[in-house]
Amino acid sequence: MRIGDAAAAAGTTPRALRFYEQNDLLPPPRRTAAGQREYGPRDVARVRVIRELLSVGLTVADVRDCRDRLDLLVDDTLPPYGGPGACARPSGIAQRRLDALDAEIARLTRLRERLASRIGAGTTEPARS
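Okay, so let's go over this structure. In this text, all values refer to a predicted model and were calculated from it rather than measured experimentally.

Conventions and cut-offs
Residues numbered from 1 in each chain as written. Predicted model: local features only at pLDDT ≥ 70, side-chain atom pairs only at ≥ 80, totals over all residues. Heavy atoms only, no water. Salt bridge = Lys/Arg side-chain N within 4 Å of Asp/Glu carboxyl O. Helix = DSSP H or I, 4+ residues; strand = E, 2+ residues; numbered from the N terminus. Buried < 20%, exposed > 50% of the residue type's maximum accessible area, 1.4 Å probe, protein only. Polar contact = N/O pair within 3.5 Å; in protein donor to acceptor, adjacent residues only side chain to side chain. Contact = heavy atoms within 4.5 Å.

Summed over the entire model, instances satisfying the criterion amount to two salt bridges. One salt bridge in this structure joins Arg 37 and Glu 21, with 2.9 Å as the shortest N-O distance. With a gap of 16 residues between them, Arg 37 in strand β2 (residues 37–38) and Glu 21 in helix α2 (residues 14–22) connect regions that are remote in the sequence. The buried category is assigned to Glu 21, whose relative accessible area is 16%. A salt bridge links Arg 107 to Glu 104; the shortest N-O distance between them is 2.7 Å. Highlighted residues: Arg 107 and Glu 104, both in helix α5 (residues 93–119), separated by three residues, approximately one helical turn. Assessed through its relative accessible area of 39%, Arg 107 is described here as partly exposed. Residue classification places Glu 104 among the partly exposed positions, given a relative accessible area of 33%.

Written as structure tokens, this is what we have:
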């Protein structure tokens, strides 16, 4: 299938597919004689995995570090590190991202508390919209 059809099947855009390819998340696709990209079902499945990992807070660099294992993803869980060649690094990527998110949440919480104390709003829960 061509890039537009593959993007639609994966729930994204052709621009995103080109971005994933440029960032080594998606291997270069086969090309037609006219030079157009052609994708198969495995490519579409891989794009879905990439999108899922990015949507839960991993960065492009995080996903790139385990790009050789994306085809092994089962039930949204990366398989355990399998030794040389299985992944650029052991699977501590998700934990490192969680630690970074926790640190950012703590920083924002402190910032909110400082601002709230300056305006006399206290530390009540923020308004929900």
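As for its position among the elements, Asp 71 is in the loop between α4 (60–65) and α5. Judged by relative accessible area, Asp 71 falls into the partly exposed class, the value being 45%.

Right, let's get into the environment of Gly 4. When you line up the elements, Gly 4 lands in helix α1 (residues 3–10). Owing to a relative accessible area of 37%, Gly 4 belongs among the partly exposed residues under this scheme. A sequence separation of 13 residues divides Gly 4 from Leu 17, and the C-alpha atoms of the two residues are 9.3 Å apart.

Once that is clear, we can look at the side chain of Arg 46. In this structure, Arg 46 sits in helix α3 (residues 41–55). Looking at Arg 46, its side chain comes within polar contact range of the main-chain oxygen of Arg 67, at 2.7 Å. Ignoring any residue separated from it by four or fewer positions in sequence, one finds Arg 46 in contact with Leu 25, Leu 26, Pro 27, Arg 67, Leu 70 and Asp 71.

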